[in-house]
Each structure stands twice: as structure tokens, then as C-alpha cells.
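Take a look at the letters that make up each chain.
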Amino acid sequence: MAIFNFSDDDALGTVSSVDTATVIVSVEDSEKLKRLQVNRLAVLQSSKPGQHLIGLISQVTRKRLTLDQDENHGEEFDEQNLCKVSLIGSLLDAEGLNRNVFRRTLDSVPEIEANCFSLEGEDLTAFMRVISHSESDGNSLVLGRYTLDDKAEAFLNGNKFFQRHAFIGGSTGAGKSWATAKIIEQVAHLKNSNAIIFDLHGEYAPLAGDGVKYFKIAGPGDVESGRTISDGTIFLPYWLLSYEAMVSLFVDRSDQNAPNQAMIISREVNAAKTRYLSGDEYKDILENFTIDSPVPFKLSSVMEGLNRINEERVAGAKAGSTKAGEFNGKLSRLISRLENKISDRRLGFLFKGGGDVLQFDYLNRLANLLLGCADENGTGGVKIIDFSEVPSDVLPLMVSLVARLSFSIQQWTPLEKRHPIALMCDEAHLYIPNRNLTGSADDISIKIFERIAKEGRKYGLSLVVISQRPSEVNKTILSQCSNFVSMRLTNSDDQGVIKKLLPDSLGSFSDILPTLDTGEALVVGDASLLPSRIRIDEPVRKPNSGTIEFWREWQGEVDQTRLGSAIDNWRKQKVE
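Residues numbered from 1 in each chain as written. Predicted model: local features only at pLDDT ≥ 70, side-chain atom pairs only at ≥ 80, totals over all residues. Heavy atoms only, no water.

Let us now look at the overall build of the protein chain. Check the secondary structure of the protein chain and you find 19 helices and 21 strands. Across its three principal directions, the C-alpha atoms of the protein chain cover 125 × 60 × 55 Å. Of all 576 residues assigned to the protein chain, the portion counted as buried reaches 50%. Total accessible area computed for the protein chain in this model is approximately 27900 Å², and 47% of it derives from carbon and sulfur atoms. Both charge centroids of the protein chain, one from 65 positive and one from 79 negative side chains, sit 9 Å from each other. (Helix = DSSP H or I, 4+ residues; strand = E, 2+ residues; numbered from the N terminus. Buried < 20%, exposed > 50% of the residue type's maximum accessible area, 1.4 Å probe, protein only. Areas by Shrake-Rupley, 256 points an atom, 1.4 Å probe, with all protein chains shown as cover. Lys, Arg positive; Asp, Glu negative; His and termini not counted. Charge placed at Lys NZ, Arg CZ, Asp CG, Glu CD.)

Structure follows, in C-alpha cells:
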């Protein structure tokens with residue numbers, strides 16, 4: 001049974017102009033015009049039977065028209081009431097055996113003089129139920145309820161949301177972390193879900209449990225206490241870095257000897273990896289490995305090689321004499337820089353993993369924990385990685401290292417064994433910024449994430465980009481996102497980015513971004529049948545992202561030891 005049974009008396013007005021996906025409706029009754037609201041839904045008669053067109057009201061105008069002057073009555077006036085509607089889809093009364101099917105396509109446009117109806121009351125509730133039922137087919141991702149009708153649950157298609165990359169954004173305090181937590185919560189309940197959350201501030205730790213496992217990149221305190229991967233502490237050893245990342249970390253590009261230093265590092269690392277693979281059990285790997293192959297090696301042997309070359313003396317022109325070698329004294333700054341990096345307690349996760357990280361199976365164990373689903377690792381399909389103690393100058397390198405690890409493993413997995421993984425990139429503007437804002441470490445990170453954005457889909461690797469500053473996030477990556485969950489945005493640059501990424505017919509829909517309430521989101525994309533304003537449901541477990549109540553806190557008591565303990569923790573590089 002069709003859900004719409006409008007009569008001509010219910011019509012707002014009739015179509016007076018049609019332009020591709022935009023329709024102008026003339027409204028004769030001024031009282032009906034008053035009921036119309038921008039960004040509400042309207043229904044138009046289609047030129048095809050058994051079909052209605054659904055549109056979004058984008059503009060309502062009333063014009064005062066001056067008629068011909070009359071000598072007896074003076075000027076006479078009339079009104080022209082117009083409503084502009086952007087067409088967004090079609091509702092079919094029947095499609096095969098299915099009844100009341102909504103499609104985001106336009107097989108037809110309304111004819112001139114076709115009736116237009118406002119979608120409200122019971123008709124709106126019935127239509128929103130059609131939308132909800134269409135998506136609640138086993139692929140449903142529930143975000144909350146439609147602002148248009150709070151009786152109807154707002155579903156997204158989970159397949160399309162992750163297949164085609166997504167963006168979640170909003171100003172500070174708009175509810176971005178809650179929306180992310182709501183999605184994580186549902187992903188975790190799937191039998192063999194597989195997702196990694198890059199948590200830069202440790203705010204998602206409370207979500208651990210029920211299919212969610214919390215890991216932390218080792219800080220100075222973790223190194224001292226001897227925590228290992230079995231304790232949930234992650235070391236990202238230097239030998240996992242690509243050659244380009246090693247050069248970025250170890251070589252000062254402003255040094256006039258930088259090209260020679262990079263070449264020598266390549267040679268010494270290759271030699272160190274060759275020595276590690278010298279046993280018979282690694283013969284097949286030794287024949288095929290490259291500088292970027294994830295093979296452990298001892299950094300101490302590389303340092304010995306660098307020192308030897310830096311002090312090398314060769315035979316001179318005269319018999320029995322010697323002279324400085326080609327690179328004698330030219331590696332001093334490189335060696336000093338490397339020694340400083342190795343001794344930096346903040347970088348313990350790179351250099352202080354001990355013998356455990358030099359074992360050949362360390363990468364297998366690391367991949368099993370971070371990239372394995374529940375059936376593989378027995379801990380949970382959703383993995384939160386806390387990067388809060390990683391220094392900001394190497395943060396892009398470390399986050400992109402995990403991303404590259406994910407991409408490489410997916411790439412080298414046979415097609416029939418491949419299992420999809422989602423990377424949820426919180427505070428993405430910090431490690432995948434616009435190219436005009438980048439340094440060398442950011443360039444490496446951007447290259448990796450751009451490749452995932454462009455090619456990840458074919459390998460079953462998805463990106464969910466999360467940021468409070470979309471204008472600072474890499475444009476190439478945002479352009480690959482087909483789904484947008486945008487909370488309140490007050491900055492005009494950020495609003496402009498979202499507006500440019502929306503279809504032309506929905507450009508004005510983004511004008512509501514600065515007026516959204518906390519916890520409300522504008523949802524547009526392949527995963528949503530309808531461009532919608534949604535109120536996000538409260539997650540069961542909430543992240544540590546609540547806004548501090550300044551006024552209330554200033555009226556209460558304060559711990560007298562807080563400053564001293566903070567300074568002590570700062571010096572020790574661990575929170576106690």
C-alpha cells in the first residue's frame with residue numbers, strides 16, 4: 001500500500017519552473033507558505049505513475065508585485081509566493097515484490113503544473129520509517145534519530161560508510177568524540193570486526209572492553225617498568241621504518257653532507273639486515289629482501305659502521321703514508337644526531353624495546369594484535385592505540401608507520417584471505433595536513449595516507465578521517481571521502497570545505513552547520529539514503545572528552561599538591 005495518498009486540496013502549490021534537479025513551486029495560499037521551513041522535505045508528483053519525487057526545501061520567498069496604476073484607486077499590489085525545492089530522490093510505490101522503496105536517483109522530473117505537497121505529520125513519520133527500514137537490512141549502522149522526526153531511527157549503510165571512506169568533523173565541544181564512540185561501539189559488537197583508532201590524547205581509553213582492546217605506545221615510564229607487548233604496551237622498533245622515514249628521522253636535510261649521509265645509511269642498514277638474515281632458515285628472504293623489507297637489525301652495528309667510515313684513513317700518495325678517507329669527518333653530525341635520538345627517553349618506543357623487538361617473529365605478534373580480528377587475537381576486533389606520549393615532532397612518522405603496516409599487510413595478503421580493516425584517524429589535521437603546512441615528516445605521512453585514500457578500497461582498507469579543522473586536513477584525502485558526518489562548525493573556512501565537497505544541489509544545506517546543536521550532525525553521502533540532520537545517540541561508554549566546567553570548578557576546592565606533582569611527572573616523563 002502506498003504511503004502517500006495526497007489530494008489536490010492538500011497541495012502547497014504547483015510547479016512553475018524545472019531546472020535539472022531544482023524546481024520552483026508557486027504557492028497560492030499565503031497561509032500554507034507560512035508553514036514552510038527551509039531544509040524540510042517536500043513531495044512532488046512525478047511524470048511517471050506509481051512514483052513520487054522527494055525534495056529538500058532550500059528557499060521560501062514572498063515578492064510584492066506592483067500592478068498597473070489606476071487613477072481612481074492608485075497603485076495596486078499583488079504577491080508572488082515561491083518555494084525552491086532541490087530534488088534528492090524518488091519514492092516508488094512498488095519495485096518488484098517490495099513496496100514503498102526510496103531510491104537516490106531521479107528517473108524523471110515533475111511536469112509544469114504538477115502538485116507539490118509538504119511532508120509533515122503522519123506522512124513524514126511514514127516516510128522516515130521507509131528510510132529506516134531500507135537501511136535496517138543487516139548492514140545498518142545506527143547513529144541516532146532524525147531531527148525531522150524523532151520517532152524514526154537514523155540508519156547508515158555500514159558497508160558503504162566504510163567502503164568509500166568517511167569524514168567526521170565538528171568544532172571543539174560539538175560532540176565529535178561522542179559520534180565516533182557511537183560508531184566504535186557498534187563496530188565492536190560485530191563478530192569479526194577489524195578497526196584501529198589512532199587516539200592522540202588518550203581520550204578513548206574508557207571504551208575498552210566488549211570487543212575493544214586498548215594499547216598504548218610505550219612512554220618513558222613503560223620502558224623503565226619493563227612493560228612489553230603482552231602487557232598492551234606497543235613498541236614500534238626503528239627497523240619497521242621505511243628507508244625514507246629513517247632518513248627523515250636521522251639525517252638533517254640542511255647539512256651539506258645530507259645526500260652522502262643518506263646513501264651511507266642505506267648501505268649500512270642493508271649490510272646489517274644481511275647479517276641478521278645470514279642463517280640458513282632465512283635464505284629465501286635474503287635472496288629477495290630490499291631496504292624497506294621489515295627485517296630486524298641491530299642499530300649498534302650500524303653505528304659501528306658509521307664510526308668506522310667517519311674515522312677511516314686510506315693509503316696516501318707516498319709509500320707508507322695515509323690520508324683521510326672520502327667520508328672522514330663528514331658523518332660526525334649524523335652520528336651525534338643518532339646518538340641523541342637513541343638516548344632520548346621520549347623515543348624509547350623506537351630504540352628501547354630490548355631483545356624482544358629484535359626477534360624475527362615480533363612483527364607477527366604485533367600484526368596479530370593490531371590487525372587481527374577477534375577470532376585471530378582473542379582480544380577484540382577494535383583496537384585503540386594511544387599515541388599521547390609520542391613527541392609531536394615524530395607523531396606523523398609513527399602514526400603513518402602503523403598505517404603503512406596496515407596497507408602493506410593488506411596488499412601482500414592473497415585476495416581470498418583478505419579481511420577488511422578500518423583506520424579511524426582522530427585529530428587527522430595533526431598528521432595528514434595540507435601540503436603547504438607540512439615538514440619532511442608530514443610529507444611521508446601524507447604520501448602514505450594519500451595512497452590509502454586512493455587505493456585502499458581495492459585492498460579492503462578504509463579511512464575514517466576525524467578532525468575539528470577540516471580546512472587544515474589534506475584536500476586529496478578529503479576529496480576521496482564519500483560520506484560526511486559534520487557536527488557544528490563555526491569557522492567559515494571549515495564550513496567552506498564541507499560545502500565544496502557536497503553535491504551542487506545540496507550546497508545550501510551546509511548553511512545550517514553553524515546552527516547545529518551539540519550532538520547534532522549533518523549526514524550526507526553514499527551511506528545515507530537521505531541528506532539528514534541527525535541527533536546522535538549517547539554512547540554507552542563515553543570518551544574522556546567532556547568539556548571542563550570552568551565556572552563550577554572555580555567555585556570548588558583544589559588539590560594543594562597538584563602543581564608539584566605535575567612538575568615532578570614532567571621531569572620523570574610519566575604520570576603518577
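Right, let's talk about the side chain of Gln261 for a bit. With respect to the secondary-structure elements, Gln261 resides in helix α7 (residues 258–276). Of the residues examined, Gln261 reaches a relative accessible area of 1% and is grouped as buried. Residues contacting Gln261, with those up to four places away along its chain left out, are Val251, Asp255, Lys330, Leu331 and Leu334. (Contact = heavy atoms within 4.5 Å.)

A word on the sheet that holds strand β19 (residues 483–486). A sheet is described by the order of its strands in space; here 12 strands give the open sequence β9-β8-β21-β20-β19-β10-β18-β17-β11-β16-β12-β13, paired in mixed fashion. Each edge of the open sheet carries a strand with a single partner, namely β9 (153–157) and β13 (233–234). Packing of helix α4 (residues 176–188) onto the sheet brings it into contact with β8 (140–146), β10 (166–169), β11 (195–199), β12 (212–217), β16 (382–386), β17 (421–425), β18 (461–467) and β21 (532–536), and relative to β8 it is tilted by some 140°. (Pairing = 2+ DSSP bridges. Axes fitted to C-alpha atoms, helices over the stretch in contact; angles between N-to-C directions.)

Even without glycine at this site, Asn100 takes up a positive phi of about 55°. Residue placement: Asn100 occurs in strand β6 (residues 98–103). In this model, Glu427 sits at a positive phi of 50°, which is unusual for a non-glycine residue. Within the secondary structure, Glu427 sits in the loop between β17 and α15 (440–455). Residue Glu427 is classed as buried on the basis of its relative accessible area of 7%.

A few words on the layout of surface pockets. Put simply, the largest pocket is a space of about 1300 Å³. Forming the boundary of the largest pocket are 40 residues, of which Pro294, Leu405, Ser408, Ile409 and Trp412 lie nearest the centre. Of all elements in the fold, only α12 (362–371), α14 (395–411) and α15 reach the threshold of two or more residues within the lining of the largest pocket. Among the elements that line the lining of the largest pocket, the one with the most residues is α14, at eight residues. Looking at side-chain class alone, the lining of the largest pocket contains 19 nonpolar, 13 polar and eight charged residues. Empty space within the second largest pocket amounts to approximately 610 Å³. Lining the second largest pocket are 23 residues, with Gly158, Asn159, Phe162, Leu190 and Pro420 positioned closest to its centre. At the level of secondary structure, the elements contributing two or more residues to the lining of the second largest pocket comprise β8, α3 (158–163), α4, β17 and β18. Ranked by the residues each element gives to the lining of the second largest pocket, the list is headed by α3, at four residues. Of the residues that constitute the lining of the second largest pocket, the class distribution is nine nonpolar, 13 polar and one charged. (1 Å grid on protein atoms, 1.4 Å probe; cavity = no way out; pocket = protein on both sides within 12 Å on 5 of 7 lines; lining within 4 Å. Points joined across faces, edges and corners; volume = space filled by probe spheres on them. Nonpolar A, V, L, I, M, F, W, Y, C, P; charged D, E, K, R; others polar.)

Attention shifts here to the environment of Gln411. By secondary structure assignment, the location of Gln411 is in helix α14. Expressed as a C-alpha distance, the spacing of Gln411 and Lys458, which sit 47 residues apart in the sequence, is 9.1 Å. Discounting chain neighbours no more than four positions away, the residues touching Gln411 are Arg418, Arg451 and Tyr459.

Time to look at α4. Its 13 residues give α4 an end-to-end C-alpha distance of 18 Å, which sits within 8% of 18 Å, the value for a rise of 1.5 Å per residue. The element α4 is largely enclosed, with a buried count of 12 among its 13 residues. Residues of α4 that are buried: Lys176, Ser177, Ala179, Thr180, Ala181, Lys182, Ile183, Ile184, Glu185, Gln186, Val187 and Ala188. (Expected span 1.5 Å × (residues − 1).)

Among the nonpolar cores identified, the biggest contains 148 residues, and Phe127 and Phe198 are the most heavily contacted of them. Element by element, the count of residues in this core is highest for α14, at nine residues. Filtering out sequence-adjacent residues up to four positions away, Phe127 remains in contact with Ile3, Phe4, Leu41, Ile54, Leu91, Phe102, Leu119 and Leu530. Core analysis: the second largest hydrophobic core is formed by 16 residues, Val15, Leu44, Cys83 and Val85 among them. (Core = buried A, V, L, I, M, F, W, Y, C linked by side-chain atoms within 4.5 Å.)

All right, on to the pattern of salt bridges then. Here the structure, examined in full by the defined rule, presents 23 salt bridges. The shortest N-O distance in the salt bridge between Arg333 and Asp252 comes to 3.2 Å. Separated by 81 residues along the polypeptide, Arg333 in helix α10 (residues 332–343) and Asp252 in the loop between α6 (243–250) and α7 bring together distant segments of the chain. Residue Arg346 is joined to Asp344 by a salt bridge in which the shortest nitrogen-to-oxygen separation is 2.9 Å. Here the residues in one salt-bridge network are Lys216, Asp222, Arg227 and Glu389, joined through shared partners. (Salt bridge = Lys/Arg side-chain N within 4 Å of Asp/Glu carboxyl O.)

Using a probe with the size of a water molecule, rolled over the atoms, empty space left in the structure can be pinpointed. Applying the stated rule across the entire model yields two cavities of 30 Å³ or more. The element best represented in the lining of the largest cavity is α14, accounting for four residues. If you add up the space inside the second largest cavity, you get close to 30 Å³. The set of elements that each furnish at least two residues to the lining of the second largest cavity consists of α7 and α9 (299–311). The class makeup of the residues in the lining of the second largest cavity is six nonpolar, no polar and no charged.

Taken as a whole and assessed by the stated rule, the structure comprises 19 aromatic pairs. Note on Phe6 and Phe117: the rings are 4.3 Å apart at their centroids and 10° apart in plane angle, and the pair reads as stacked. Of this pair, Phe6 sits in the segment before β1 (13–19) while Phe117 is found in strand β7 (residues 115–118), placing the two residues 111 residues apart along the sequence. Among the residues examined, Phe6 registers a relative accessible area of 21% and is labelled partly exposed. Looking at Phe117, the relative accessible area reads 2%, which means it is buried. Among the aromatic residues, ring-to-ring pairing joins Phe4, Phe6, Phe102, Phe117 and Phe127 into one connected group. (Phe/Tyr/Trp six-rings, centres within 6.5 Å; stacked < 30°, edge-to-face > 60°.)

It is worth spelling out α14 at this point. Over its 17 residues, α14 runs 24 Å from end to end, which matches the ideal 24 Å to within 8%, given 1.5 Å per residue. In terms of burial, α14 is largely enclosed, as 13 of its 17 residues are buried.

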